[in-house]
Amino acid sequence: MLPLYFLMPLFILFPGRVAKEAYLVVRGERITVQASTSLGDINCSYSENRPGDTLYLNRPIGPRERLVLNLPVKEFACGNMLLNRDFQRTLKSGDHPLVQVEVLELVQNGPHFLGKLRLQVAGKNQVLRGVDFRRQAGQKLSTKLCLSFPDYELSTPQKLGGLVKVEEELQVTVELLLAPQTFL
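First things first, this report covers the structure right here in the doc. (Residues numbered from 1 in each chain as written. Predicted model: local features only at pLDDT ≥ 70, side-chain atom pairs only at ≥ 80, totals over all residues. Heavy atoms only, no water.)

### Quick look at the state of the cysteines
Following the criterion strictly, the structure yields 1 disulfide and no others. Linked covalently through their sulfurs, C44 and C78 form a disulfide whose S-S length is 2.0 Å. Negative torsions about the S-S bond denote left-handed disulfides, and the value of about 115° found for C44 with C78 makes this one right-handed. Placement of the pair is C44 in strand 2 (residues 40-56) and C78 in the loop between strand 3 (67-72) and helix 2 (81-90), with a sequence separation of 34 residues. Across this residue pair, the class does not change: C44 and C78 are buried. (Disulfide = S-S within 2.5 Å. Helix = DSSP H or I, 4+ residues; strand = E, 2+ residues; numbered from the N terminus. Buried < 20%, exposed > 50% of the residue type's maximum accessible area, 1.4 Å probe, protein only.)

### What about the pairing of strand 1 (residues 23-37)?
By the bridge criterion, 14 bridges tie strand 1 to strand 2 in an arrangement that is antiparallel. Within the sheet, the bridge partner assigned to Q34 lies in strand 2 and is N43. Where strand 1 folds back onto strand 2 in an antiparallel hairpin, the turn is made up of 2 residues. (Pairing = 2+ DSSP bridges.)

By themselves, these observations are geometric and do not establish any function.
Below you can see the structure in the form of structure tokens.
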């Protein structure tokens with residue numbers, strides 16, 4: 001009975017207090033894909049602004065609440081028309097016009113966030129666990145992913161009879177652009 005006397009004042013002082021749900025408002029994304037070739041690096045990028053999508057933190061995110069980024073392969077800019085076409089052909093944009101990134105979970109862990117993502121490229125799905133998002137200047141969360149062509153059953157493009165070869169790994173940078181008032 002004694003512990004109840006100690007808890008009662010807390011209930012009186014803080015009636016109906018519920019833990020505030022943590023979330024971020026995503027106002028856009030910027031995706032950069034870098035591939036190394038025998039002649040140098042190729043960079044392709046895509047960015048989009050949006051009215052604002054809620055990204056819930058510190059709990060499993062239900063299917064209807066998830067942040068889903070649908071990235072049109074044909075809208076990635078690689079620097080010139082030939083590179084754009086090679087990028088689209090490599091990602092099989094004729095059959096799979098979108099790359100999809102779905103945030104399944106994002107948990108704040110001190111100054112950064114750990115996430116679980118579902119990535120769909122060329123019709124193949126991969127779940128990536130332990131994705132480390134870091135805070136960046138300008139209200140951004142950013143992560144770098146290393147993707148392998150064989151994981152998505154993609155073949156590396158070769159040019160000039162095999163003289164120009166592309167490495168089997170892609171370095172992908174995902175930046176989520178956040179509304180100022182939601183940055184934790």
